[in-house]
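Spelled out from the first residue to the last, the chains are:
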Amino acid sequence: MSDARDAMHRVHGYSGRSAWERLLAAASLTGNESDEPTLQRLLEAMTTLDPVSRLCALALRIRLTSHTHLAAAQLATRSAT
């Protein structure tokens with residue numbers, strides 16, 4: 001969640017705080033949640049906002065997917081040795 005907040009602040013510059021607040025309102029979240037389903041809900045809401053937010057959501061999804069696959073690969077290679 002904090003990565004998403006930081007990303008929204010970075011991509012929106014001076015209006016980052018208000019963009020983050022709009023996103024939280026659109027997703028009906030507080031910003032304090034930390035579970036994966038909530039993060040997915042946040043990313044889905046992000047895709048309904050402006051084009052910059054949609055690109056930010058795409059980048060975060062790529063990071064999340066990459067992390068998931070790399071973690072699984074690491075687990076698989078550790079158990080194979």
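Residues numbered from 1 in each chain as written. Predicted model: local features only at pLDDT ≥ 70, side-chain atom pairs only at ≥ 80, totals over all residues. Heavy atoms only, no water.

**Focus on the overall build of the protein chain**
In step 1: When its secondary structure is counted, the protein chain shows four helices and zero strands.
In step 2: Sequence-ordered secondary structure for the protein chain, helices as α and strands as β, is α-α-α-α.
In step 3: Principal-axis analysis of the C-alpha atoms places the extent of the protein chain at approximately 50 × 20 × 20 Å.
In step 4: Each of the 81 residues in the protein chain was classed as buried or not, and the buried ones make up 30%.
In step 5: When the accessible surface of the protein chain is totalled, it reaches about 5400 Å², and 58% of it is carbon and sulfur.
In step 6: Taking the average place of the 9 positive charges on the side chains of the protein chain and the average place of its 8 negative ones, the gap between the two points comes to 4 Å. (Helix = DSSP H or I, 4+ residues; strand = E, 2+ residues; numbered from the N terminus. Buried < 20%, exposed > 50% of the residue type's maximum accessible area, 1.4 Å probe, protein only. Areas by Shrake-Rupley, 256 points an atom, 1.4 Å probe, with all protein chains shown as cover. Lys, Arg positive; Asp, Glu negative; His and termini not counted. Charge placed at Lys NZ, Arg CZ, Asp CG, Glu CD.)

**As for the environment of A45**
In step 1: For A45, the position within the fold is in helix α3 (residues 36-46).
In step 2: In this structure A45 comes out as buried when scored by relative accessible area, which is 10%.
In step 3: A45 sits 41 residues away from A4 along the chain, and the two C-alpha atoms are 12 Å apart.

**Some thoughts on the nonpolar core**
In step 1: Core analysis: the biggest nonpolar cluster contains 18 residues, and M8, W20, L23, L42, M46 and L60 have the highest contact counts within it.
In step 2: Of all elements in the fold, only α1 (2-12), α2 (16-27), α3 and α4 (51-80) reach the threshold of two or more residues within this core.
In step 3: Per-element accounting of this core gives the leading share, five residues, to α2.
In step 4: In this view, L42 contacts M1, A4, W20, L23, L24, A27 and L29; residues no more than four positions away in its chain are not counted. (Core = buried A, V, L, I, M, F, W, Y, C linked by side-chain atoms within 4.5 Å. Contact = heavy atoms within 4.5 Å.)

**Structural notes on the environment of R54**
In step 1: Within the secondary structure, R54 is located in helix α4.
In step 2: Ignoring any residue separated from it by four or fewer positions in sequence, one finds R54 in contact with M46, T47 and L49.

**What about the side chain of T38?**
In step 1: Of note, T38 is situated in helix α3.
In step 2: In this structure T38 touches M1, L29 and E33, once residues within four positions along its chain are discounted.

**So, unusual backbone geometry**
In step 1: Of note, S28 is a non-glycine position whose phi angle comes to about 55 degrees, a positive value.
In step 2: According to the relative accessible area criterion, S28 is exposed, its value standing at 58%.

**Things to note about the packing of α1 against α2**
Each packed pair of helices is defined by two parameters, the angle between the axes and the distance between the axes.
In step 1: With their axes 8 Å apart at the nearest point, α1 and α2 run at an angle of 135 degrees to one another. Taken together, the axes of α1 and α2 lie oblique to each other. In the packing of α1 onto α2, the handedness of the crossing is right-handed. Facing α1, whose interface residues are A4, R5, M8, H9 and H12, α2 presents G16, R17, A19, W20 and L23.
In step 2: The class makeup of the residues in the contact of α1 with α2 is five nonpolar, three polar and two charged. (Axes fitted to C-alpha atoms, helices over the stretch in contact; angles between N-to-C directions. Parallel < 35°, antiparallel > 145°, perpendicular 65-115°, else oblique. Left-handed = near helix turned anticlockwise from the far one by under 90°. Nonpolar A, V, L, I, M, F, W, Y, C, P; charged D, E, K, R; others polar.)

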